[in-house]
Number of protein chains: 2
Amino acid sequence: MKFEIKDRDAAGRLCKFTTKNGTVTTPNLMPVINPNKMLITPKEMKKLFGTEMVITNSYIIHKDNKLREKALNDGVHKLIDFDGPIMTDSGTFQSYVYGDVNVDPIEIVQFQRDIGSDVGTILDVFGTPDQTKTKAERGIKETLKRAKQSVRVKGKMALACTVQGSIYPELRELCAKKLSSIDGDFFPIGGVVPLMENQRYSDLVKSILYSKRGLNPSKPVHLFGAGHPLIFPLAVALGCDFFDSSAYVKYANDRRMIFSWGTEKLDDLIELPCNCPICSKHTASELKKMDKKEVVLQLAKHNLYVSFAEIKKIKSAIANGSLWELVERRVSANPYLLEAMQELQKEEHKVWLEQSETTSKNKALFYTGNNTIHRPIVYRCRQRLLDRYKPLFGNTVVFPEGKKPYSKYYAKQKDEIKSKANVNILINSYLGPVPIELDEMYPFAQSVFPKKIDEETKTEVAKMFEKFTKNKNVIFWEGKKTLDKLSSSKKKIDEDIARISAVSNMQFGKGASKSLFDGKIDIIKSKKTGKIRNIYNNENHVLSMRAGDGFFTLKIDGAKRLHKSLKYPKLRVTIDNDAVPFVKEGKSVFAKFVVDCDSELRPFDECLIVDEKDHLLAVGRTLLNRDEMLSFEYGMAVKNRENIK
Amino acid sequence: MKFEIKDRDAAGRLCKFTTKNGTVTTPNLMPVINPNKMLITPKEMKKLFGTEMVITNSYIIHKDNKLREKALNDGVHKLIDFDGPIMTDSGTFQSYVYGDVNVDPIEIVQFQRDIGSDVGTILDVFGTPDQTKTKAERGIKETLKRAKQSVRVKGKMALACTVQGSIYPELRELCAKKLSSIDGDFFPIGGVVPLMENQRYSDLVKSILYSKRGLNPSKPVHLFGAGHPLIFPLAVALGCDFFDSSAYVKYANDRRMIFSWGTEKLDDLIELPCNCPICSKHTASELKKMDKKEVVLQLAKHNLYVSFAEIKKIKSAIANGSLWELVERRVSANPYLLEAMQELQKEEHKVWLEQSETTSKNKALFYTGNNTIHRPIVYRCRQRLLDRYKPLFGNTVVFPEGKKPYSKYYAKQKDEIKSKANVNILINSYLGPVPIELDEMYPFAQSVFPKKIDEETKTEVAKMFEKFTKNKNVIFWEGKKTLDKLSSSKKKIDEDIARISAVSNMQFGKGASKSLFDGKIDIIKSKKTGKIRNIYNNENHVLSMRAGDGFFTLKIDGAKRLHKSLKYPKLRVTIDNDAVPFVKEGKSVFAKFVVDCDSELRPFDECLIVDEKDHLLAVGRTLLNRDEMLSFEYGMAVKNRENIK
């Protein structure tokens, strides 16, 4: 089994998951196949919906003599006639529904292995939301015991070890940590179906977050039993990779249609609010008149079209860096999902989510309402400003939100101020305080807000402003009369130098500007836009500024300076000696060769690639954060861009 | 031409629009057909997308000798091979794009008539957003002149008279009013394309609202040039019935794909975030590799699938009373649309929108974020509470938001209080203050909120609370110690009587309870739910309470009492003498027979049907408000439910 990250956004990721039977791109949805009764065959699903992987139930196969014999003789792939990866479930859910199952926990894993399942599942103990903590603890103890025994018999099958722990955060995290320490391959988050059935999305979010905290980040995570697309975007944003759907047929049997915003009864609809091939071919009244068997089939197809479309939307959103926007749009369809978003406002979750957040994105940040200000990227900006930004002067003149970039919009006022006094200029923006030297950095310039914002965002922004300007002398711009309040100064500060210093400290950390710029500085600007492009220190090209996001691309001469002055492990990705020759040839760094990494590096950050003796080898761009680099066995960790010659 | 309302929500409406060539259900979208170059034929559109009506350009037909001759000889339906209703444009947009058109304004109307157009358009003067008020005034003057002349030559063709007025609200309203006074049939809102191109949605919303204020409410309204589904839900909620799309082909030519949330470039997509037949059959990379002609065709089809699906979603939302929720979900996709929503917070717009808002809805009110509290229905509740609700006692005990219905949730506390003192009980809910006697009325009981709400909603609710409790003695419930603060009273108030009194005043207006209940009152409750079902006054069945929305259904004996005590025109719909025999037979009231109507009646309100001498004939449920009843020539105004025997 191989699992590697290809792209990412929020804590979501586009991955390739490979078994001997093929490769699946995640996030993905596995339709549940009932081996006794296939409404739509897996083959047909592949053709219609692009289904890449399915899940079927080994417990059902095992307890039926005919199915068991056929599966053991021909394999599960022949049994359900599908040549892609197949996951099998173990009967845990049946034990939840019927109280108990009549199968040995190790025997069912061996059985899954013997019928050739790609991913087999342990028979874990389903933790219900209403159980006591003691009972939940007993459950995860038994689950862990079975997982350890199951690992020994898994053979070449990937083993799914399900995280339980009811709604107790510490138990979820503990269970996830302990499961991660044994040789599992795939980690479902279990026991969540009753949470989803009762729309307890706040508890669901907590269950996902605490499970994820404890899990090895290099393993696929499956939200077990989640088949309604309503929850897909949020679950992916929190780090789920797989979903399974029996909902498509269950709802169809009930004459209910699944949509991205919820569920509708066919009989309540006067029009089909959808453009899938089923809803494009039929009207509501045509569907209503069909015989029972036919309508179930058509609705099941519709349900899968909608579910897979949501997966495609999520993938597309990850690729263009707009997953949080998709999430925020989707949660507005359901008050209980909005409630779940409030859980994400807690500091501990922001700290955790921030670690996966990429440094910048392909698309501007779009405001969607009062959830936007609580995004991890906003939290990061605030933290970095507090930690890494140092104002140049004692006084600060504050301007309100305006057009972007602010240095252009407030150019006249800025020049008037600068000609008289040396003060900091700060924008009290809708994203929080923005020093004018940082106004071209993502997301300060690359964000779109309405003219007025909601009261909650205002409150949050005011808090950020207060924290940032605490103990500072702040003057709010009130037109020309503000100029009279400023005491004049003769010393002139070069604005470009101020900008490159501030940006380099924000991007690389405190002290970066000092180590990068210590000689004759030449700043080359774009003739077309007037924006800074290239920076030379003593004739050495140290940095380029990217027009898109206002961040620097680190040149090898700049990397040398940072390497010399910033102490290990700052900005470093340290690689195994075996990989050194490859990196020297210009090859990128694979995760399995990373032996250490600066814990402050984030995905898409510029970094220094060094060997185990901290010799600088190259400069590159990360795809993973520290935890991921140290966990992943497959895939790229750093894209190598420029080598030491 | 016939136009009649079938159902409604917000200021949006489901209508039937009929010409001699067929019936169209609105809201609807007319794809633009270029008679020179049909990428997809109208016939194919009908088959694929359920297209019911198309629009083509008479100016283009007129200036091309071949097309002109063919159209004059065979008719425009043969020319483009479509047998449903066809609208034709006049060249106005061409005059905007190219500065001028070489055609006589009256000749082009005659031409449209002669080629058999179902809806022909006047050659109005396109008012750009950047023009001065004087220029805009001159433009509408000329437009009006041409409209008057055009009406004279329209023949049997329905004539579309386009509302202009640039971005000047008073000019929009004036132009709309003047156009409504001449014999036009169809009212496009023109000059809005540059607003949409520049995402000036706030100005667009203003243009729609002020045009609508001036227009005859019984005529179809067309948002001319609006072909992007992003704007459809909001535009429909403000009262637009028709859209036209040339966008489907324009965007396709540019390799761009239309979605409900905006536009994406095909070449930026790694997955097609859609489940339409095109996107279900092809992957992104397959589409990218197609030759130019083929990809344009596929994208155009995709664009129309998406656009028509949005229309179906809107129709479905109107039917189940969730149009505002659809709007609020959609606007979260675009900060400029969110900006436009702020325009709706103005008092004058709330006053106007409230008039179309139905009394109750099939579906619970769902909170989507900070826009929800600004909905017209919330405004109405606040106004009615201030105008129609009278507290019973001097002191008011206030409880915070809780589970619904509040009288059940707070039953214990309520009983403790009532056993000691006579006080009003008020819930400081997320929708504003709710007297406990009204807690089963829509939307107080039929609303879904998350546990916590955003700061903006809190602020709005606090304002409402303050206004409602001004000069009142308010005690916030703090547990048992609150009981000690209450001075005891011996008089017992019957809770059921309090409820039926409060509800009847809220529903029928001040004084209604006095006229309904003046004798021996018997209240029959549901054995199953314990809820009030039927109310008898002196053995006469006066009211039934609906379990779904907590409103009363008025029985004929109740109607008689209200009719006797509430002065004309209160609650009345007055009908023409000619219609009296039909109503006496139990037939419903058609709009054309309404001669007067209480201006406070709203759609779905219970009403008294009376003759011109104010004799009570029947009791019914309105479908229209006063303005609509007096304007509509077709369709039902009041559903007759019970007759005077």
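Scroll up for the structure.
Residues numbered from 1 in each chain as written. Chains lettered and ligands numbered in written order. Predicted model: local features only at pLDDT ≥ 70, side-chain atom pairs only at ≥ 80, totals over all residues. Heavy atoms only, no water.

Caption draft 1: Spatial organisation of the overall build of chain A. In terms of helices and strands, chain A carries 28 helices and 29 strands. Relative to a compact globule of 645 residues, whose C-alpha radius of gyration would be 26 Å, chain A shows 28 Å and is just as compact. Dimensions of chain A, computed from C-alpha atoms along their principal axes, come out at roughly 90 × 60 × 50 Å. Going through the 645 residues of chain A one by one, you find that 63% of them count as buried. Restricting to contacts in chain A with at least 6 residues of sequence separation, those with at least 24 account for 68%. Distance between charge centres in chain A, computed from 106 positive and 82 negative side chains, equals 3 Å. (Helix = DSSP H or I, 4+ residues; strand = E, 2+ residues; numbered from the N terminus. Rg over C-alpha atoms; globule rule 2.2 N^0.38 Å. Buried < 20%, exposed > 50% of the residue type's maximum accessible area, 1.4 Å probe, protein only. Contact = heavy atoms within 4.5 Å. Lys, Arg positive; Asp, Glu negative; His and termini not counted. Charge placed at Lys NZ, Arg CZ, Asp CG, Glu CD.)

Caption draft 2: Empty space enclosed by the protein, seen in detail. Inspection of every chain in the model, using the stated rule, returns 17 cavities of 30 Å³ or more. Looking at the largest cavity, its volume works out to about 430 Å³. Considering the residues around the largest cavity, the lining is formed by 26 residues, among which Ser-260, Lys-313 and Arg-330 of chain A together with Ser-260 and Lys-313 of chain B are closest to the centre. For the lining of the largest cavity, the secondary-structure elements that each account for two or more residues are helix 15 (292-319) and helix 16 (323-331) of chain A together with helix 15 (292-319) and helix 16 (323-331) of chain B. (1 Å grid on protein atoms, 1.4 Å probe; cavity = no way out; pocket = protein on both sides within 12 Å on 5 of 7 lines; lining within 4 Å. Points joined across faces, edges and corners; volume = space filled by probe spheres on them.)

Caption draft 3: Fine view of the sheet that holds strand 29 (residues 636-643) of chain A. All names here are of chain A. If you walk across this open sheet you meet the six strands as 25-29-28-27-24-26, and the pairing is mixed. In this open sheet, the two strands that pair with only one neighbour each are strand 25 (589-590) and strand 26 (594-597). For strand 24 (residues 572-575) and strand 27 (residues 606-610), the ladder comprises three bridges, and the chain directions are parallel. Directly across from Val-573, in strand 27, lies its bridge partner Ile-609. Contacts between helix 26 (residues 556-565) and the sheet are confined to strand 24, strand 27, strand 28 (616-622) and strand 29, with strand 28 contributing the most and set at about 105 degrees to the helix. (Pairing = 2+ DSSP bridges. Axes fitted to C-alpha atoms, helices over the stretch in contact; angles between N-to-C directions.)

Caption draft 4: Inspection of the side chain of Thr-162 of chain B at higher detail. Residues and elements named next belong to chain B. Along the chain, the position of Thr-162 falls in the loop between strand 8 (158-160) and helix 8 (169-181). For Thr-162, a relative accessible area of 1% gives the class buried. Every residue in contact with Thr-162, bar those within four places of it in the chain, is listed here: Thr-121, Ile-122, Asp-124, Thr-143, Cys-175, Leu-179, Pro-188, Ile-189, Gly-190 and Phe-224.

Caption draft 5: Seen up close, the interface of chain A and chain B. Residue-level contacts link 47 residues of chain A with 47 residues of chain B. Summed over both partners, the interface of chain A with chain B buries about 4100 Å², with 56% contributed by carbon and sulfur atoms. Taken as a group, Asn-275, Lys-312 and Arg-329 of chain A account for 15% of the area that chain A buries against chain B, more than any other trio of residues on that side. On inspection of chain A and its partner chain B, the count reaches four salt bridges. Glu-271 of chain B is the partner of Lys-315 of chain A in a salt bridge, and the nearest nitrogen-oxygen pair spans 3.7 Å. On the surface where chain A and chain B come into contact, there are twelve residue pairs in polar contact (both at pLDDT 80 or more). Counting residues per element, the ones that place at least two in the side of chain A that touches chain B are helix 13 (277-281), helix 15, helix 17 (335-343) and helix 22 (455-469) of chain A. Take the side of chain A that touches chain B: its biggest share by element is eight residues, from helix 15 of chain A. (Buried area = accessible area lost by both parts, 1.4 Å probe. Salt bridge = Lys/Arg side-chain N within 4 Å of Asp/Glu carboxyl O. Polar contact = N/O pair within 3.5 Å; in protein donor to acceptor, adjacent residues only side chain to side chain.)

Caption draft 6: The arrangement of the sheet that holds strand 2 (residues 12-19) of chain A in detail. All names here are of chain A. One open sheet holds the three strands; their spatial order is 1-2-3, and the pairing between them is antiparallel. What marks the edges here is a single partner per strand, and that holds for strand 1 (2-9) and strand 3 (22-26). Between one strand axis and the next, the sheet turns by 15 degrees as a mean value, whatever way the strands run. Bridge count for strand 1 against strand 2 is seven bridges, and the pairing is antiparallel. Within strand 2, the position partnered with Phe-3 by the bridge is Phe-17.

Caption draft 7: A look at the packing of aromatic side chains. Applying the stated criterion to the full structure yields 38 aromatic pairs over all chains. Each ring, one from Phe-259 of chain A and one from Trp-261 of chain A, has its centre 4.5 Å from the other, and the planes form 10 degrees; the classification is stacked. The exposure classification of Phe-259 of chain A matches that of Trp-261 of chain A, with both residues buried. Ring pairs connect the aromatic residues Phe-3, Phe-17, Phe-186, Phe-242 and Phe-632 of chain A, which therefore count as one cluster. The residue whose ring lies beneath Lys-363 of chain A is Phe-366 of chain A, and the NZ or CZ to ring-centre distance is 5.4 Å. Over the ring of Phe-468 of chain B we find Lys-472 of chain B; its NZ or CZ atom is 4.3 Å from the centre of that ring. (Phe/Tyr/Trp six-rings, centres within 6.5 Å; stacked < 30°, edge-to-face > 60°. Lys NZ or Arg CZ within 6 Å of the ring centre and 35° of its normal.)

Caption draft 8: Layout of the pattern of salt bridges. Scanning the model with the defined rule gives 102 salt bridges over all chains in all. For Arg-113 of chain B, the salt bridge goes to Asp-114 of chain B, with nearest N and O atoms at 2.9 Å. Because the salt bridges share partners, they merge into one network encompassing Arg-546, Asp-549, Glu-606 and Arg-641 of chain A.

Caption draft 9: Seen up close, the relation of the copies chain A and chain B. Of the two same-sequence chains, chain A is brought onto chain B (RMSD 0.0 Å, axial shift 0.0 Å) by a rotation of 180 degrees. Taken together, these values place the two copies in the relation of a two-fold axis. When the interface residues of chain A are mapped onto chain B, 100% of them again lie at the interface, so the same face is used by both copies. (Least-squares fit on C-alpha atoms with pLDDT ≥ 70 in both.)

Caption draft 10: Region of interest: helix 16 of chain B. When you tally the buried positions in helix 16 of chain B, you get nine out of nine residues, the bulk of the element. Buried within helix 16 of chain B we find Leu-323, Trp-324, Glu-325, Leu-326, Val-327, Glu-328, Arg-329, Arg-330 and Val-331 of chain B.

Caption draft 11: Layout of the pairing of strand 11 (residues 242-245) of chain A. All names here are of chain A. Neither face of strand 11 is exposed, since Phe-242 and Asp-244 on one face and Phe-243 and Ser-245 on the opposite face are all buried. Bridging between strand 4 (residues 28-33) and strand 11 involves four bridges; their strand directions are parallel. Across the sheet, the residue bridging to Pro-31 is Ser-245, located in strand 11. Taken together, the two bridges between strand 10 (residues 221-223) and strand 11 define a ladder with parallel strand orientation.

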